[in-house]
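# Coordinate inspection notes
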Amino acid sequence: MKLLMLVIFFAIMVSVGIYARKHATSVDGYVLGGRSVGPWLTAFAYGTSYFSAVVFVGYAGQFGWKYGLASTWIGLGNAIIGSLLAWVVLGRRTKVMTQHLNSKTMPDFFGERYESKALKITASAIVFIFLVPYTASVYNGLSRLFGMAFNIPYKYCVIGMAVFTGIYVILGGYMATAINDFIQGIIMLGGIVAVILAVLNGQGGFIQAIKTMAETGAFTSFFGPDPLNLLGVVILTSLGTWGLPQMVGKFYAIKDEKSINTGTVISTLFAIVISGGCYFLGGFGRLFDAPELHDEAGNMIFDGIIPHMLSTLPDILIGIVVVLVLSASMSTLASLVLTSSSTLTLDFLKDNVMKDMSEKKQVRTMQVMVVFFIVLSVVIAMDPPTFIAQLMGISWGALAGAFLAPFMYGLYWKGVTRAAVWASFAAGVGITVLNLFFHFIASPINAGAIAMVAGLIVVPVVSVLTPKLKKDRVDEIFACYDEKVTITKKRSLEQN
């Protein structure tokens, strides 16, 4: 039964790739679905790129163990800050300005907005380097569940997932990933509800599970045993999405005003159910403590908590869980691979290494880069260096620390300078990488959160102290917001 569910799942994914081929003939079509993707597909693409096996297996297990039921705050933070506010603050302005600048990627935005080819190339290098550990963490989380459900060796899980993801991304580009994200999102919604109900039922129901948890200490309290570190996790996993190229890129592709309004609501509700549900489930992790979850030194193996918790479920539910996490992981992986390949091709190879690339050649090069990035991430995933959460913390911290502030301020404020963008890149990457070697901040998660906050301070301070960009050019860029459009009274009431 479990195997049949997997075969059907993979068949659907590849079929969607074949169907979406007609949308992937141009660069705009391959990277952004022709900038005409509706609200449901965009909202689900945003949500499924956000939540992967990293959240379900790594984060839910680790932070559920550390903070108990208070870890549910992380899920709520993801919904309110990472989804609702991200759409409200960034969605509309990102769509308008990137279309005006004709930028297809985040590095492309930096190059056009701040008139610097060097910024564009540096940003593309940061994207490529720091999306690799994130991709490795996605494989890692998934493989543990596969091992539990099928006893399939880790390397075969990684290779199988990489091959199927590669097929539909190469064939259909952004539109294939968006349609598959929608299908995968539906599976995730149904799966997480079924799993929570089954796990709690196995503990005598919700009230009984809470009573048993209360005996373990402060793990049922409102803010848990360690509120300060909990806040660091909320900041990293929620605010981080504002600066991640694979997340912000969803706003480039959205169709129209109605799609943004509808997408905001759908995306937020999706995050409440998926992220809130994952962390809520993880909060009961201490009820499933077992000797096999500890290493020789007695330390908890966090990545094993959720798979162990689910191993007691009936076969049909284990099948649902595997497809649920596979859905979450493949959607995230597809988004990461497409972001990396398009950035490397459009922002680095085009005009720098390969001159006069035709539209067709750009698409072909991106497809080759998809293969290259998948192979590279598989090689790293075969021997991942640290826990899932730490891998993701390093990646999110560097990317969001470098990009969040200059991207957000750049959409709203004419006064951001080129030097301020360089300073933000240096601060985000510098804090994360130096901490990797010198450990001046105990947790990579907190280091990532600090890198983001540092960027938000550094950019305005440096902008005030350094030479401004040419006023005429900046005014021309911001003129896109003042263009008059005609809309219905249902959308906006006229003044008397």
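We now turn to the structure provided with this report. (Residues numbered from 1 in each chain as written. Predicted model: local features only at pLDDT ≥ 70, side-chain atom pairs only at ≥ 80, totals over all residues. Heavy atoms only, no water.)

### Concerning the overall build of the protein chain
Looking only at helices and strands, the protein chain features 19 helices and 0 strands. For the protein chain, whose C-alpha radius of gyration is 22 Å, the value lies close to the compact-globule estimate of 23 Å for 496 residues. With the C-alpha coordinates aligned to their principal axes, the bounding extent of the protein chain is approximately 65 × 55 × 50 Å. Relative to its full complement of 496 residues, the protein chain shows a buried share of 60%. Taking the intrachain contacts of the protein chain between residues at least 6 apart in sequence as the baseline, contacts between residues at least 24 apart amount to 86%. Of the accessible surface of the protein chain, which amounts to about 19,200 Å², a share of 66% is contributed by carbon and sulfur atoms. Of the side-chain charges in the protein chain, 34 are positive and 26 negative, and the distance between the mean point of each set is 7 Å. (Helix = DSSP H or I, 4+ residues; strand = E, 2+ residues; numbered from the N terminus. Rg over C-alpha atoms; globule rule 2.2 N^0.38 Å. Buried < 20%, exposed > 50% of the residue type's maximum accessible area, 1.4 Å probe, protein only. Contact = heavy atoms within 4.5 Å. Areas by Shrake-Rupley, 256 points an atom, 1.4 Å probe, with all protein chains shown as cover. Lys, Arg positive; Asp, Glu negative; His and termini not counted. Charge placed at Lys NZ, Arg CZ, Asp CG, Glu CD.)

### A look at the pattern of salt bridges
Overall, the coordinates contain 5 salt bridges when judged by the stated rule. Two residues, aspartate 475 and lysine 414, come together in a salt bridge whose shortest N-O distance is 3.1 Å. Taken together, the residues span a long stretch of sequence, with aspartate 475 in helix 19 (residues 471–478) and lysine 414 in the loop between helix 16 (388–412) and helix 17 (418–438) at a distance of 61 residues. With a relative accessible area of 25%, aspartate 475 lands in the partly exposed category. For lysine 414, a relative accessible area of 42% translates into the label partly exposed. (Salt bridge = Lys/Arg side-chain N within 4 Å of Asp/Glu carboxyl O.)

### Details of helix 19
Buried residues of helix 19: Val474, Ile477 and Phe478, and no others. Projection of helix 19 onto a plane perpendicular to its axis shows the buried side chains occupying an angular sector of 90 degrees, all on one side. (Arc of directions from axis to C-beta.)

### Some thoughts on the nonpolar core
Residues Phe56, Phe110, Tyr139, Phe403 and Phe425 are the most contacted members of the largest nonpolar core, which totals 154 residues. Excluding anything up to four places from it in sequence, tyrosine 139 contacts Tyr154, Val158, Met161, Ala162, Leu333, Ile374, Ser377, Val378 and Ala381. (Core = buried A, V, L, I, M, F, W, Y, C linked by side-chain atoms within 4.5 Å.)

### Overview of the packing of aromatic side chains
Summed over all chains, the structure comprises 23 aromatic pairs. Aromatic pair tyrosine 50 and tryptophan 396: ring centres 6.1 Å apart, planes at 35 degrees, arrangement tilted. One end of the pair, tyrosine 50, is in helix 3 (residues 39–50); the other, tryptophan 396, is in helix 16, with 346 residues separating them in the sequence. Between the aromatic rings of tryptophan 87 and phenylalanine 251, the centroid separation amounts to 5.1 Å while the plane-to-plane angle is 85 degrees, which identifies the pairing as edge-to-face. Highlighted residues: tryptophan 87 in helix 5 (residues 72–101) and phenylalanine 251 in helix 11 (residues 245–253), separated in sequence by 164 residues. One exposure class covers both tryptophan 87 and phenylalanine 251, and it is buried. (Phe/Tyr/Trp six-rings, centres within 6.5 Å; stacked < 30°, edge-to-face > 60°.)

### Here we look at the packing of helix 8 (residues 154–202) against helix 12 (residues 257–282)
Interhelical geometry of helix 8 versus helix 12 gives an angle of 35 degrees and a closest axis separation of 10 Å. In the packing of helix 8 onto helix 12, the handedness of the crossing is left-handed. Where helix 8 abuts helix 12, its residues Gly185, Met188, Leu189, Ile192, Val193, Val195, Ile196, Val199 and Leu200 lie against Phe270, Val273, Ile274, Gly277, Cys278, Phe280 and Leu281. (Axes fitted to C-alpha atoms, helices over the stretch in contact; angles between N-to-C directions. Left-handed = near helix turned anticlockwise from the far one by under 90°.)

### Section: the side chain of serine 463
Tracing the chain through its elements places serine 463 in helix 18 (residues 444–465). Overall, the relative accessible area of 0% leaves serine 463 in the buried class. Those residues in contact with serine 463, other than ones at most four positions away along the chain, are Trp413, Gly415, Val416, Thr417, Ala420 and Lys468.

### So, the packing of helix 5 against helix 11
As a packed pair, helix 5 and helix 11 sit with axes 7 Å apart at the nearest point and diverge in direction by 60 degrees. Here helix 5 is positioned oblique relative to helix 11, judged by the angle of their axes. Of the two possible hands of crossing, helix 5 and helix 11 adopt the one that is right-handed. Contacts between helix 5 and helix 11 involve Ala86, Trp87, Leu90, Gly91, Thr94, Lys95 and Thr98 from the former and Val248, Phe251 and Tyr252 from the latter. (Parallel < 35°, antiparallel > 145°, perpendicular 65-115°, else oblique.)

Shape descriptors only; they carry no functional weight alone.
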